[in-house]
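Chain and residue survey
What follows is each chain in one-letter form.
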Amino acid sequence: QVQLVESGGGLAQTGGSLRLSCTASGDIFSITTWTWHRQAPGKQRELVATVTTSRKTDYKDVADYGDSVKGRFAISRDHMRYAVYLQMDNLKPEDTAVYYCNAIAAPGSSPSVDFAYWGQGTQVTVSS
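Values in this document were obtained by computation on a predicted structure and should not be read as measured data. (Residues numbered from 1 in each chain as written. Predicted model: local features only at pLDDT ≥ 70, side-chain atom pairs only at ≥ 80, totals over all residues. Heavy atoms only, no water.)

Note on placement: S76 falls in strand β7 (residues 73-78). In this structure the C-alpha to C-alpha distance between S76 and T50, which are 26 residues apart in sequence, comes to 9.0 Å. (Helix = DSSP H or I, 4+ residues; strand = E, 2+ residues; numbered from the N terminus.)

What follows is the structure in structure tokens.
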């Protein structure tokens, strides 16, 4: 069993900052990729950021971002704690959404097979 829990959401003003956290627990063998997605009311879920660490990246953390958040958001991970973070600066009203973390992970029971795990989401609201 692998579970993800997000935290850090809340209310911010335009131009302000928030830092989201997501921690994985359970029998985890490895986590290759973390992602953050968000979904606003009436809109499809969109990719916000990813960070991947694998043989293909020479075991370095390689991050990528959606166009709408480039230069404003930063994703990072803690390999020892099985955690991922999203630092959000210069927030805009259009950033208002429920933010979900996602892990592509191999559980201890099946270390050669990756599964996708999702958190329950945390609300971010940005006011003008």
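Mapped onto the elements of the fold, G108 is located in the loop between β9 (97-107) and β10 (115-118). Taking relative accessible area as the criterion, G108 reaches 30% and is therefore assigned partly exposed. Between the alpha carbons of G108 and F29 there is a distance of 4.6 Å; along the sequence they are 79 residues apart. (Buried < 20%, exposed > 50% of the residue type's maximum accessible area, 1.4 Å probe, protein only.)

So, about unusual backbone geometry. A negative phi angle characterises most non-glycine residues, just as the trans form characterises most peptide bonds. Although it is not a glycine, Y59 sits at a positive phi angle of roughly 65 degrees. Within the chain, N90 stands out as a residue other than glycine whose phi angle is a positive 50 degrees. Topologically, N90 is positioned in the loop between β8 (83-88) and β9. For N90, a relative accessible area of 41% puts it in the partly exposed group.

Once that is clear, we can look at the nonpolar core. Counting 30 residues, the largest nonpolar core has L4, W34, W36, L86, M88 and Y99 as the members making the most contacts within it. Contributions of two or more residues to this core are made by β1 (2-7), β3 (18-26), β4 (28-39), β5 (46-52), β7, β8, β9 and β11 (122-127). In terms of residue count, the dominant contributor to this core is β9 (five residues). The residues contacting M88, other than those within four sequence positions of it, are G16, S17, L18, L20, R72, F73, Y99 and V124. (Core = buried A, V, L, I, M, F, W, Y, C linked by side-chain atoms within 4.5 Å. Contact = heavy atoms within 4.5 Å.)

A word on the sheet that holds β8. In space, the four strands of this open sheet follow the order β1-β3-β8-β7, with antiparallel pairing throughout. Each end of this open sheet is capped by a strand with a single partner; those strands are β1 and β7. Mean inter-strand twist for the sheet, computed between neighbouring axes without regard to direction, equals 15 degrees. Where β7 and β8 come together, six bridges link them in antiparallel fashion. Its bridge partner being in β8, I75 is matched across the sheet by L86. (Pairing = 2+ DSSP bridges. Axes fitted to C-alpha atoms, helices over the stretch in contact; angles between N-to-C directions.)

The subject of this paragraph is the state of the cysteines. Under the criterion given, the structure shown has one disulfide. Disulfide pairing is shown between C22 and C101; the S-S distance is 1.8 Å. Here the residue C22 occupies a position in strand β3, and C101 occupies one in strand β9, the gap between them amounting to 79 residues. Residue C101 is classed as buried on the basis of its relative accessible area of 0%. (Disulfide = S-S within 2.5 Å.)

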